[in-house]
Amino acid sequence: MRDPDVLVVGAGPVGMFTALSMARAGLSVEVIDEQPRPAGHSYAVGLHPASVLLLDQLGVLERLLPHGQRIHSMVLTGESGDMERRVPLDGLTGGRSFAFAVPQARLEETLQAALRRRRVKVRWNHRLADLDPDADPPAAKVARLGREGSGY
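What you are looking at is a predicted structure, and each value in this text was computed from that prediction instead of being measured.

Considering the overall build of the chain
A tally of helices and strands in the chain yields four helices and 10 strands. Taken from the N to the C terminus, the helices and strands of the chain come in the order β-α-β-β-α-α-β-β-β-β-α-β-β-β. With the C-alpha coordinates aligned to their principal axes, the bounding extent of the chain is approximately 55 × 35 × 30 Å. The buried share among the 152 residues of the chain stands at 30%. Long-range contacts, defined as pairs at least 24 residues apart, comprise 64% of the intrachain contacts of the chain with a sequence gap of at least 6. Element-wise, carbon and sulfur atoms account for 50% of the exposed surface of the chain, whose accessible area totals about 9600 Å².

Okay, here's the thing in structure tokens:
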């Protein structure tokens, strides 16, 4: 296997999004993460309208829409908890007309599936052991870890 053009360290939403963007740009990409498997629990991820637009441009938004909630406005409250202002999100420039809340596990699963379709593998249980940025080209050493997933 030849060295990739890009090594992405970390297979969370940002790492996989970055890897997918690089792969779509025609670069060879490898993703590593020191965890033995994807996250065993999920957090809710609130995505800004600009992030929603980026997911749409990468071709993954349609697969996420059935699993999340569109957010068309925000409510700002004062210290007493009373509503002070409703802020619509459809007037923001540079994004879609809504924010989006989706479970992190679903977002990561969708991004990883999109990476597989581009033949980019996420290597779980691997970490960056050494990096020489002064080498030409820069040299990275990746170590495989001996841990196994234990479930959640």
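Some points on the side chain of Glu30
Looking at the element boundaries, Glu30 is found in strand S2 (residues 29-33). One polar contact links Glu30 to Arg123, side chain to side chain, over a distance of 2.3 Å.

Here's the deal with the pattern of salt bridges
Taken as a whole, this structure holds three salt bridges when the rule is applied. Measuring nitrogen to oxygen at the nearest pair gives 2.3 Å for the salt bridge that ties Arg123 to Glu30. On the criterion of sequence distance, the pair formed by Arg123 in strand S8 (residues 122-124) and Glu30 in strand S2 is long-range, its members being 93 residues apart. Residue Arg123 is classed as partly exposed on the basis of its relative accessible area of 25%. For Glu109, the salt bridge is made with Arg106, and the minimal N-O distance between the two is 3.0 Å. In this pair, Glu109 and Arg106 are both assigned in helix H4 (residues 104-117), three residues apart and thus about one turn of the helix distant. Note on Glu109: relative accessible area 45%, which makes it partly exposed.

So, the environment of Val75
Its place among the elements puts Val75 in strand S5 (residues 73-77). Sequence separation between Val75 and Val87 is 12 residues; the distance between their C-alpha atoms is 6.1 Å. Discounting residues that sit within four places of it in the chain, Val75 has contacts with Met83, Arg85 and Arg86.

Examining the sheet that holds strand S1 (residues 6-9)
What links the strands of a sheet is backbone hydrogen bonding, and the strands pair in either a parallel or an antiparallel sense. Taking strand neighbours across the sheet as the criterion, the three strands line up as S1-S2-S8 in an open arrangement whose pairing is parallel. A single partner strand is all that each edge strand has here, and the edge strands are S1 and S8. Averaged over neighbouring strand pairs, the angle between their axes works out to 20° when direction is ignored. Sheet topology places S1 next to S2; four bridges connect them, and they run parallel. If you follow Leu7 over to S2, its bridge partner there is Glu30.

A word on the packing of aromatic side chains
Given two aromatic rings, their pairing is described by the distance between the two centres and the angle made by the two planes. For the coordinates displayed, the defined rule picks out zero aromatic pairs. Between Arg70 and the ring centre of Phe98, over which it is positioned, the NZ or CZ distance is 4.6 Å.

Notes on the sheet that holds strand S4 (residues 69-71)
Pairing within the open sheet is antiparallel, and its three strands lie in the order S3-S7-S4. The two strands at the open ends of the sheet, each matched to only one other strand, are strand S3 (44-47) and S4. Geometrically, the sheet is characterised by an average inter-axis angle of 25° between neighbouring strands, direction not taken into account. Of the strand pairs in this sheet, S4 and strand S7 (residues 99-103) are connected by three bridges, and their pairing is antiparallel. The partner of Ile71 across the bridge, within S7, is Ala99.

Cut-off values and rules
- Residues numbered from 1 in each chain as written.
- Predicted model: local features only at pLDDT ≥ 70, side-chain atom pairs only at ≥ 80, totals over all residues.
- Heavy atoms only, no water.
- Helix = DSSP H or I, 4+ residues; strand = E, 2+ residues; numbered from the N terminus.
- Buried < 20%, exposed > 50% of the residue type's maximum accessible area, 1.4 Å probe, protein only.
- Contact = heavy atoms within 4.5 Å.
- Areas by Shrake-Rupley, 256 points an atom, 1.4 Å probe, with all protein chains shown as cover.
- Polar contact = N/O pair within 3.5 Å; in protein donor to acceptor, adjacent residues only side chain to side chain.
- Salt bridge = Lys/Arg side-chain N within 4 Å of Asp/Glu carboxyl O.
- Pairing = 2+ DSSP bridges.
- Axes fitted to C-alpha atoms, helices over the stretch in contact; angles between N-to-C directions.
- Phe/Tyr/Trp six-rings, centres within 6.5 Å; stacked < 30°, edge-to-face > 60°.
- Lys NZ or Arg CZ within 6 Å of the ring centre and 35° of its normal.

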